[in-house]
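Spelled out from the first residue to the last, the chains are:
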Amino acid sequence: MSMRDRIQTALSALEPQHLEVLDESHMHSRGQETHYKAVIVSPAFAGLNAVKRHQKVYAALGELMSQFHALAMHTYTPEEWAQQGAAPDSPTCRGGSKHDHH
């Protein structure tokens, strides 16, 4: 099972109405299966600020968090998602990896 699939399976614990996990590793210099973007729409986020929403995501991922480098999280309630309808595009990587050789 790919890391993307493992992340998606773990995040299903949040009972999302919409869940999208994208592998964005190709946009970065750290190799394969290192950078992900998750768009999560769940009633579980109602009444929570961004920090508490992210804590719920971290809790759902558990041990998986140590197995990849980065996760861009876009968390919405169903009402917010109905208004917004899309997550922002990820920025282009500027490099800066400690693995880069100059």
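The structure under discussion appears in the preceding block.
Residues numbered from 1 in each chain as written. Predicted model: local features only at pLDDT ≥ 70, side-chain atom pairs only at ≥ 80, totals over all residues. Heavy atoms only, no water.

Draft legend 1. Local environment of the overall build of the protein chain. Along the backbone of the protein chain there are three helices and three strands. Scanning the protein chain from its N terminus toward the C terminus, one meets helices and strands in the order α-β-β-α-β-α. By residue count, 33% of the 102 residues in the protein chain fall in the buried class. Counting contacts in the protein chain only where the partners sit at least 6 residues apart, residues at least 24 apart contribute 61% of the total. For the protein chain, the computed accessible surface area is about 6,300 Å², with 49% contributed by carbon and sulfur atoms. (Helix = DSSP H or I, 4+ residues; strand = E, 2+ residues; numbered from the N terminus. Buried < 20%, exposed > 50% of the residue type's maximum accessible area, 1.4 Å probe, protein only. Contact = heavy atoms within 4.5 Å. Areas by Shrake-Rupley, 256 points an atom, 1.4 Å probe, with all protein chains shown as cover.)

Draft legend 2. Summary view of the environment of Leu19. Summarising the element assignment, Leu19 is placed in strand β1 (residues 18–23). Counting along the chain gives 23 residues from Leu19 to Ser42, while the straight-line C-alpha distance between them is 8.7 Å. Leu19 has contacts with Gln8, Leu11, Ser12, Val39 and Ile40, leaving out every residue within four places of it along the chain.

Draft legend 3. Highlighting the packing of helix α1 (residues 3–11) against helix α2 (residues 50–61). Two elements in contact, α1 and α2, have axes whose closest approach is 8 Å; the angle formed by their N-to-C orientations is 115°. Relative to α2, the element α1 is oriented roughly perpendicular. You can see that α1 and α2 cross each other, and the crossing is right-handed. Side by side, α1 and α2 meet where Ile7, Ala10 and Leu11 of the first sit next to Val57, Ala60 and Leu61 of the second. (Axes fitted to C-alpha atoms, helices over the stretch in contact; angles between N-to-C directions. Parallel < 35°, antiparallel > 145°, perpendicular 65-115°, else oblique. Left-handed = near helix turned anticlockwise from the far one by under 90°.)

Draft legend 4. Quick look at the sheet that holds strand β2 (residues 35–41). Across the sheet, three strands lie side by side as β1-β2-β3; this open sheet has mixed pairing. Taken across any chain shown, the strands that pair with only one partner, and hence form the sheet edges, are β1 and β3 (70–76). This sheet shows a mean twist of 10° between the axes of neighbouring strands, independent of strand direction. In terms of strand pairing, β2 meets β3 through seven bridges, oriented parallel. Looking at β3, one finds that Ala38 is bridged to Met73. Running over the sheet, α1 touches β1 and β2 and is turned about 155° from β1. Lying over the sheet, α2 contacts β2 and β3, oriented at roughly 125° with respect to β3. (Pairing = 2+ DSSP bridges.)

Structural measurements only, silent on function.
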